[in-house]
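# Structural characterization, general
Chain residues, written in single-letter form:
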Amino acid sequence: MRQIDPDFLALPMRRLADAALQRARDLGAEHADFRLERVRAETLRLSDASLEGSIDADDLGYAVRVVKNGTWGFASGIDLTPEAAVKVAEQAVEVAVISAAVNREPIELAPEPVHSDVTWVSAYDVDPFEVPMRDKVTLLAGWSDGLLRDPRVDHVQASLQQVKEQKFYADTAGTSTTQQRVRLYPELEVMKTADGRFETMRTLAPPVGRGYEYLTGTAWDFPGELARLPELLEEKLRAPSVEAGQYDLVVDPSNLWLTIHESIGHATELDRALGYEAAYAGTSFATFDQLDKLVYGSQVMNVVGDRTTEHGLSTIGYDDEGVATRRFDIVSGGVLTGYQLDRRMARLKGLGASNGCAFADSPGNMPIQRMANVSLLPAPDGPSTEGLISGVERGIYVVGDKSWSIDMQRYNFQFTGQRFYRIENGRLAGQVRDVAYQATTTDFWRSMAAVGGPQTYVLGGAFNCGKGQPGQVAPVSHGCPSALFRNVRILNTLQESGK
Amino acid sequence: MSPQEMIEKALDLSTADDVVVIVDERSSANLRFAGNTLTTNGVGRSAQLTVISVVGRGVGVVSRAAVRPEQLADIVAAADHAAEDAPPSEDARPLVEGTRSADWDLPAEPTSIGVFGAFAPALGDAFARAEAGGRKLYGFAEHIVTTTFVGTSAGARLRHAQPTGRLELNAKSPDMKRSAWTGVATRDFADVDVAALDASLAQRLEWAKNRIDLPAGRYETLLPPTAVADLMIYLYWTAGARDALEGRTVFSKPGGGTRVGETLSPLPIRLYSDPAAPGVACAPAVVAHTSGRQSSVFDNALPLAPTDWIADGTLASLIQTRHSAELTGLPVTPAIDNLIMEGAGDGRSLEEMISSTERGLLLTCLWYIREVDPQSLLLTGLTRDGVYLVENGKVVGEVNNFRFNESPVDLLGRLTEVGAAEQTLPREWNDYFTRTVMPALRVPDFNMSTVSQAN
């Protein structure tokens, strides 16, 4: 198991925390927490096998959050001295005092056991920041070169995003946690122009909470996937345009993860359901009065939130409020049975403890309720993807994500994909193009006729999901099997554009 | 150590052939509220040092936050080493000859929670009025000041302080079924009239008391400036010359080349950027922390000039680096951080456009805009916070929301009226882009693809 980097541990985290928390106490804060954080991010982009741009960046700083007279106060700083930390604590209290004039709802937090001086490190073998940049560029350029040698490919874009996140958290209750996790996202896209049109085809390899070993043979067969891209692209260029209408869909995990993210993940965030995100990303049709009542989907639908999933992007030991993470139910047998919570939301609705979903993306931002790894469970003895396809007379098999959009209450969505195959009499019958599927969330999930078995299950995910004001990004994984949906509306995107 | 001292020291320490050093000092303050009460708030400060070293044609970029003086040598050495180790960059060019800002020696400009000194009480008053009037207010106020210092081994010493303020104000009925939104961009919050904004929202909630259900279809539609801004920003982001040349955007000419010179609209619209434009002024020179499809670190400090992207309805320019300009044979026209659209003459106000509408839809704003087809730039998204039916020159009620599927480029070819341009806050993209001046537009057949149940 990897250890937390010594240079992070060498930062004066406890001295800063002690100084800030004591000052907040002295100024009458009912609660105060301190978070020292370093987020290192490296991005490489290649165009046609040449390095187009790269940046190795970090964000280092700390934050003090207080509750004073029932009002939040937050401030962040960058000077790593106890004196500066005291000033930041004073600023946080000042913000709370000024803000109290416009606060009508006292802040209370759900209780959480004290976790004293605990550490947690994510599961990875090779720290990507210990791999020389030249080696990474050489690997991506080699893959790109191989694709460019194929006459069916005009251009190749390649990118690699890598993040190492290190956090120290301490609060006035006595909890202190030190954590480190790594994630990365490689992506290659090929493109071809022909007959006045162009098409692209992108790798399906998901972003993961793994180290550099992901690129060298662990958990994904990149050479195998890259070898298939030119043929898939060529077939897409030659594919007929889809006939709009109602179809049965078999949705591959490489596409379904995003539908889960938008229509279940965001819809079951309690802060959103209660209106705290109303002016920005919106609310949710899954309102709190419907807990344990709303028929979200069919009886084969079981969804869990889980911040302990190995290699998940949202996975961590303790959240940014010092809450031990866990797995919890969201939809059981098709019925809404749970929400994602932070400590305030849990207390507000009398739900006992938080389930560990507070997260801040940088030392400069305040933690907000963010998504756990929200996953659709497979049927223990469910069929293979081929088995699902064999049960469809006229349908479409959807692979890979592309465009996504959903309304501000998570009803109406429209998604596209990397590739779409016609299903005729239980068999795949070649790609079609210009496809988008459109539905209302509950109609869609209630139309889910079957979910695949564990052998179809893949942990997909988003590297940078946006939420909140000021805007924050969060990484989150979504596992799911392949699944069969009956009678879903398919649009022809050419016709939608009036062509 | 001041930003200027840090830059000079970094330039001295580097052993690379060329060096660009950028310091971004940023301070921010924000208030967020929901249901007539404050929810979160905060103040923050950050400082980022970016060292871009060039060795031969290789580039190394290392960026670090909260740099202490004793760390500087290591950071510069890391950038130099990365440049030595990097493969050649195809956009490599000599650095831009240096100029010096008149205010180079001034310190970074901060903001604080005090920027809301007059605004916060006014917001509190608005909460009280809303409570009494049966409304709930939601929204976000943010003020950021970023001071950027750029020093290069070619002699450039540039400083730019950029204040960016925005207020989003959203009013809802207690049952959350009626909703109205407005937003303003501001440099300092001194010009924000919360009471007037709240009053306009109250008016729209009144309009919404008469609910009219309409099916999906193509409708004559009045797009207000904020909605036009969101669509035109997406068009602008897609207007990279290199992507067009490679055949991968709506601005690619079938068979090769770009569509520069092609008429996009029968109306003489102008879409342009101008770093000195009143009210939406922005950085007057290129600041590029890394190279990409639409930027090049070698172009740092390149002066920006007013640039027409569309002139007289014709595609005039695409976003260019010096490298892409050589590839396309077109002038160097880098991206600029504001966007302005105008029709011919003054144009009518939105109210005048409503009064001359026989039957059509009036939108408030658009949301969750995503690209469906890059070839046509087909975008999808939703209407939000009020779609109103206009009949015989008057708003007669609120209509359900819709999902749209439309291309902003195609829309330009179908416009029938361009209203008066005004400064506006984009709804969806205001996290990234706030400096816009846009007109309202009349589109005879906006494609409302399906009904959205969302309120």
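This is a predicted model, so every value here is computed, not measured.

## Observations concerning the overall build of chain A
In terms of regular secondary structure, chain A is built from 11 helices and 22 strands. Radius of gyration (C-alpha) of chain A: 24 Å, near the 23 Å computed for a compact globule of 499 residues. Taken along the three principal axes of its C-alpha coordinates, chain A extends 70 × 55 × 45 Å. Taken across its 499 residues, chain A has 68% of its residues classed as buried. Considering only residue pairs separated by 6 or more positions, chain A has 75% of its internal contacts joining residues 24 or more positions apart. Accessible surface for chain A amounts to roughly 16200 Å². Of this, 49% is attributable to carbon and sulfur atoms. Charged side chains in chain A number 50 positive and 66 negative. The centres of these two groups are separated by 2 Å.

## Observations concerning the overall build of chain B
The helix and strand tally for chain B stands at 9 helices and 20 strands. Taking 2.2 N^0.38 as the reference for a compact globule, 455 residues should give roughly 23 Å; the C-alpha atoms of chain B span a radius of gyration of 24 Å, in line with that estimate. Considered along the principal axes of its C-alpha atoms, chain B spans approximately 70 × 55 × 35 Å. For chain B, with 455 residues in total, the buried portion stands at 64%. In chain B, the proportion of contacts linking residues at least 24 apart, taken out of those at least 6 apart, comes to 74%.

## A few points about the pairing of strand S12 (residues 339-342) of chain B
Residues and elements named next belong to chain B. Pairing of strand S9 (residues 270-273) with S12, which is carried by 3 bridges, proceeds in the antiparallel orientation. In the sheet register, Arg270 faces S12, and the bridge partner there is Glu342. Direction of pairing for S12 relative to strand S19 (residues 436-438): parallel, over a ladder of 2 bridges. If you follow Ile340 over to S19, its bridge partner there is Val437.

## Examining helix H4 (residues 133-148) of chain A
With 16 residues, H4 of chain A ought to run about 22 Å at 1.5 Å a step, and its terminal C-alpha atoms sit 22 Å apart, in line with that. Buried-residue contacts for H4 of chain A involve strand S1 (31-47), strand S2 (50-68), strand S5 (155-171), strand S6 (176-194) and helix H5 (222-238) of chain A together with helix H2 (72-85) of chain B.

## Focus on the sheet that holds strand S14 (residues 373-376) of chain A
Residue and element names in this part refer to chain A. Here 4 strands make up an open sheet; going across it, the order is S11-S10-S9-S14 and the pairing antiparallel. Here the strands that pair on one side only, and so sit at the sheet edges, are strand S11 (335-336) and S14. In this structure, strand S10 (residues 327-332) lies alongside S11, joined through 2 bridges in antiparallel fashion. Paired with Ser332 across the bridge in S11 is Val335. Against the sheet, helix H6 (residues 253-265) contacts strand S9 (303-306), S10 and S14, and its axis sits at roughly 115 degrees relative to S14.

## Let's talk about the interface of chain A and chain B
Counting residues at the interface gives 82 residues for chain A, matched by 86 residues for chain B. For the pair chain A and chain B, the two sides together bury roughly 7000 Å², of which 50% comes from carbon and sulfur. The three residues of chain A that bury the most area against chain B are Val102, Met408 and Gln469 of chain A, which together make up 11% of that side's buried surface. Where chain A meets chain B, there are 6 salt bridges. Where Arg32 of chain B meets Glu277 of chain A, a salt bridge forms, and the shortest distance between an N and an O atom there is 2.8 Å. The tally of links between chain A and chain B comes to 45 residue pairs in polar contact (both at pLDDT 80 or more). It is S2 of chain A that contributes the most residues to the side of chain A that touches chain B, 11 residues altogether. When the residues that make up the side of chain A that touches chain B are grouped by side-chain class, the tally is 29 nonpolar, 32 polar and 21 charged. Bridge count between S2 of chain A and strand S3 (residues 58-65) of chain B: 2 bridges; the pairing is parallel. Considered in S3 of chain B, the bridge of Ala57 of chain A is made with Ser63 of chain B.

## Examining the sheet that holds S9 of chain B
Residues and elements named next belong to chain B. Spatial strand order, S11-S10-S9-S12-S19-S18: 6 strands in an open sheet with mixed pairing. Strands with a single pairing partner mark the edges of an open sheet, and in this sheet they are strand S11 (314-315) and strand S18 (422-424). Across the sheet, helix H5 (residues 225-237) lies against S9, strand S10 (307-311), S12, S18 and S19, angled at about 115 degrees from S19, the strand it touches most.

## Points about the domain arrangement of chain A
All names here are of chain A. Domain boundaries assigned for chain A yield domain 1 (6-238) and domain 2 (245-497). Relative placement of domain 1 and domain 2: their C-alpha centres are 22 Å apart. Residue-level contacts link 51 residues of domain 1 with 51 residues of domain 2. Summed over both partners, the interface of domain 1 with domain 2 comes to about 4500 Å²; 54% of that surface belongs to carbon and sulfur atoms. The largest contributions to the domain 1 side of the interface with domain 2 come from Glu112, Arg181 and Leu204, which together make up 13% of the buried area. The interface formed by domain 1 and domain 2 includes 6 salt bridges. For Glu108, the salt bridge identified is with Arg347, shortest N-O distance 3.2 Å. Seen at the junction of domain 1 and domain 2, the total is 24 residue pairs in polar contact (both at pLDDT 80 or more). Elements with a minimum of two residues in the side of domain 1 that touches domain 2: S1, S2, strand S3 (71-77), strand S4 (118-121), S5, S6, strand S7 (197-202) and H5.

## Examining the UniProt feature "domain: Metalloprotease TldD/E C-terminal" (unreviewed entry) in chain B
Using the residue numbers shown here, the UniProt feature "domain: Metalloprotease TldD/E C-terminal" (unreviewed entry) corresponds to residues 217-449 of chain B. The annotated region residues 217-449 of chain B carries 15% helix and 34% strand content, and the separation between its end C-alpha atoms amounts to 6 Å.

## What to know about unusual backbone geometry
With an omega of 0 degrees, the peptide bond running from Gln469 of chain A to Pro470 of chain A counts as cis. Following the sequence through the fold, Pro470 of chain A ends up in the loop between strand S20 (458-467) and strand S21 (472-480). Although it is not a glycine, Ala301 of chain B adopts a positive phi angle of roughly 80 degrees. Within the fold, Ala301 of chain B resides in the loop between S9 and S10.

## Focus on the side chain of Ser27 of chain B
Residue and element names in this part refer to chain B. Considering the arrangement of structural elements, one finds Ser27 in strand S1 (residues 18-34). For Ser27, a relative accessible area of 7% corresponds to the buried category. At 2.6 Å, the side chain of Ser27 forms a polar contact with the backbone nitrogen of Thr111. Once residues lying within four places of it in the same chain are set aside, the contact partners of Ser27 are Gly44, Arg45, Glu109, Pro110, Thr111, His143, Ile144 and Val145.

## Here's the deal with the layout of surface pockets
Residue and element names in this part refer to chain B. Estimated volume of the second largest pocket: approximately 620 Å³. In this structure, the second largest pocket is lined by 24 residues; those nearest its centre are Thr182, Arg204, Leu350, Glu351 and Glu422. Contributing elements (two or more residues each) for the lining of the second largest pocket: strand S6 (179-186), helix H4 (194-207), H5, helix H8 (350-355) and S18. Among the elements that take part in the lining of the second largest pocket, H4 stands out by supplying 6 residues, more than any other.

Conventions used here
- Residues numbered from 1 in each chain as written.
- Chains lettered and ligands numbered in written order.
- Predicted model: local features only at pLDDT ≥ 70, side-chain atom pairs only at ≥ 80, totals over all residues.
- Heavy atoms only, no water.
- Helix = DSSP H or I, 4+ residues; strand = E, 2+ residues; numbered from the N terminus.
- Rg over C-alpha atoms; globule rule 2.2 N^0.38 Å.
- Buried < 20%, exposed > 50% of the residue type's maximum accessible area, 1.4 Å probe, protein only.
- Contact = heavy atoms within 4.5 Å.
- Areas by Shrake-Rupley, 256 points an atom, 1.4 Å probe, with all protein chains shown as cover.
- Lys, Arg positive; Asp, Glu negative; His and termini not counted.
- Charge placed at Lys NZ, Arg CZ, Asp CG, Glu CD.
- Pairing = 2+ DSSP bridges.
- Expected span 1.5 Å × (residues − 1).
- Axes fitted to C-alpha atoms, helices over the stretch in contact; angles between N-to-C directions.
- Buried area = accessible area lost by both parts, 1.4 Å probe.
- Salt bridge = Lys/Arg side-chain N within 4 Å of Asp/Glu carboxyl O.
- Polar contact = N/O pair within 3.5 Å; in protein donor to acceptor, adjacent residues only side chain to side chain.
- Nonpolar A, V, L, I, M, F, W, Y, C, P; charged D, E, K, R; others polar.
- Domains from an automatic or database assignment.
- UniProt positions renumbered as here; feature names shortened; annotations may be inferred.
- 1 Å grid on protein atoms, 1.4 Å probe; cavity = no way out; pocket = protein on both sides within 12 Å on 5 of 7 lines; lining within 4 Å.
- Points joined across faces, edges and corners; volume = space filled by probe spheres on them.

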